[in-house]
Amino acid sequence: MPEPMLQIRTVPGNGAAIVASIGSCRPLSSPEHLAGSGSPLLAISQRTTTSSLQCAIPARRPPAVLAARVKEPIDVLVNNAGVYTGSPRDIWAVNVRGPLLLTRALAGKLAKGARVVMVTSGLGGLSNQAEPLRHKLQDPQLTIEDILALCERPPGGYGPSKAALNALTRLFAGELPNARVNAACPGWVRTDMGGPGAPRSVEQGAASVLWACRLAADGPTGGTLQR
């Protein structure tokens, strides 16, 4: 199978460009369908045109490769990657390490007032986690490097990874005061991951993510949102 590649398309009606590093070679359908789909990145720039960035960067390349190709300020960055099954280390590599490294690599490209959205899950609630992880993630001295270190020896799978992502959201909110950094929970959605029995449609799940993408420049930051 060919390596996943970057694709770019415009958002109908407003001329924004979506830069998407996708986890498969299926064509993009609509921006809403990216929510919960496992796509590692949705970056929107109100300034970028589709001709200004080449679509030839394999998605497995280091985030710095992508960052170097982004020339215009990014208004919205959505870290939408999510895997539910696999070894804890593989799960954390996608759910935590990837968003961490990508957000760090693109931090200097964010426009003033940019919205950074981490797509999380209710399974990441602290009340669902073992006491040692709860204690770790609530430590006032917790750093982004501490989260990165947890990725090497993760204390569990999907739920713990999303708890760490929520903590990472809080830390990035402190590091990026000119942006609005929040975690958005789409709920249990009828995607490939959620399955056909999930109670929420893709459109309902996407609403939470899009709401976080459209926050005002003076909106909340460092929290978890669901609509």
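Everything that follows concerns the structure shown earlier in this document.
The structure presented is a predicted model; accordingly, all values stated were derived computationally and were not measured.

Here is what the cut-offs are and how they apply
Starting afresh in each chain, residues are numbered from 1 along the sequence in its written order. The predicted origin of the model limits local features to residues at a pLDDT of at least 70 and limits the giving and counting of side-chain atom pairs to 80 or more, whereas totals for whole chains, interfaces and linings rest on all residues. Working from all heavy atoms in the structure, the side-chain values ignore hydrogens and water. Helix axes use the C-alpha atoms of the stretch in contact, all axes being lines fitted to C-alpha atoms, and the angles between their N-to-C directions lie in the range 0 to 180 degrees. Every helix listed is a DSSP run of H or I at least four residues long, and every strand listed is a run of E at least two residues long, numbered separately from the N terminus. Throughout this description, any angle smaller than 35 degrees is read as roughly parallel, any larger than 145 degrees as roughly antiparallel, any in the 65 to 115 degree range as roughly perpendicular, and the remainder as oblique. Each helix crossing is assigned a hand: it is left-handed if the near helix lies turned anticlockwise from the far helix by less than a right angle, otherwise right-handed if that turn is clockwise. Should any heavy atoms of two residues lie within 4.5 Å, those residues are counted as being in contact. In the scheme used here, Gly and all other residues not listed as nonpolar or charged are polar, with Ala, Val, Leu, Ile, Met, Phe, Trp, Tyr, Cys and Pro taken as nonpolar and Asp, Glu, Lys and Arg as charged. The term nonpolar core refers to a set of buried residues drawn from Ala, Val, Leu, Ile, Met, Phe, Trp, Tyr and Cys, joined through side-chain atoms within 4.5 Å. Only protein chains enter the calculation, and the probe is 1.4 Å; a residue is then buried if its accessible area is under 20% of its type maximum, exposed if over 50%, and partly exposed in between. Helix span, expected: 1.5 Å multiplied by one less than the number of residues in the helix. Like-charged residues within 9 Å of one another, or nonpolar side chains (Val, Leu, Ile, Met, Phe, Trp, Tyr) within 5 Å, are grouped into patches, provided each residue has over 30% relative accessible area and no salt bridge. Surface exposure here means Shrake-Rupley accessible area, sampled with a 1.4 Å probe, where a residue is shielded only by the protein chains that are shown. Here, a salt bridge means any Lys or Arg side-chain nitrogen found within 4 Å of an Asp or Glu carboxyl oxygen.

Novice: Hey, could you go over the packing of helix α2 (residues 88–106) against helix α5 (residues 158–175) for me, with residue numbers and the actual values?
Specialist: Two measures define how a pair of helices packs: the angle their axes make with one another and the distance between the axes. Look at α2 against α5: their axes get within 8 Å of each other, and the N-to-C directions meet at 15°. By the angle class used here, α2 and α5 are roughly parallel. Every pair of crossing elements has a handedness; the one defined by α2 and α5 is right-handed. For the pair formed by α2 and α5, the contact residues are I91, W92, N95, V96, P99, L100, T103 and R104 on the first element and Y158, P160, S161, K162, A164, L165, L168 and F172 on the second. Across the contact of α2 with α5, the residue classes break down as 11 nonpolar, 3 polar and 2 charged.

Novice: Let's hear about the nonpolar core: which residues, and what values?
Specialist: Within the largest apolar cluster, 35 residues are counted, with the highest numbers of intra-cluster contacts made by L137 and I147. Looking at which element gives the most residues to this core, the answer is α5, with 8 residues. Beyond its immediate chain neighbours, meaning those up to four positions away, L137 contacts L126, L142, I147, L150, A163, A164, A167 and R170.

Novice: Describe α2, naming the residues involved and giving the relevant values.
Specialist: Taking 1.5 Å of rise per residue, 19 residues should cover 27 Å, and α2 covers 26 Å from first to last C-alpha, within 8% of that figure. Where α2 is concerned, the buried positions are I91, W92, N95, V96, P99, L100, L102, T103 and L106.

Novice: Could you give me a rundown of a nonpolar patch on the surface, with the residues and numbers involved?
Specialist: On the surface, Y84, L123 and M193 cluster together into a nonpolar patch covering about 290 Å² of accessible area. Its location among the elements puts L123 in the loop between β5 (110–119) and α3 (131–138).

Novice: Hey, could you go over the pattern of salt bridges for me, with residue numbers and the actual values?
Specialist: One pass over the structure, following the stated rule, counts 3 salt bridges. R89 is paired through a salt bridge with E152; the nearest N and O atoms lie 2.7 Å apart. Pair noted here: R89 is in helix α2 and E152 is in helix α4 (residues 144–152), with a separation of 63 residues, a long-range link. Note that E152 and R97 form a salt bridge whose closest N and O atoms lie 3.4 Å from each other. Linking E152 in helix α4 with R97 in helix α2, this pair joins segments that are 55 residues apart in sequence. Given a relative accessible area of 36%, E152 falls into the partly exposed group. The exposure class assigned to R97 is partly exposed, which follows from its relative accessible area of 31%. Sharing partners across several salt bridges, the network here consists of R89, R97 and E152.

Novice: How would you explain the environment of P220 if you had to name every residue and give the values?
Specialist: Positionally, P220 belongs in the loop between α6 (202–213) and β7 (224–225). If sequence neighbours within four positions are ignored, P220 has contacts with R180, N182 and L215.

Without other data, these values stay purely geometric and don't point to any function.
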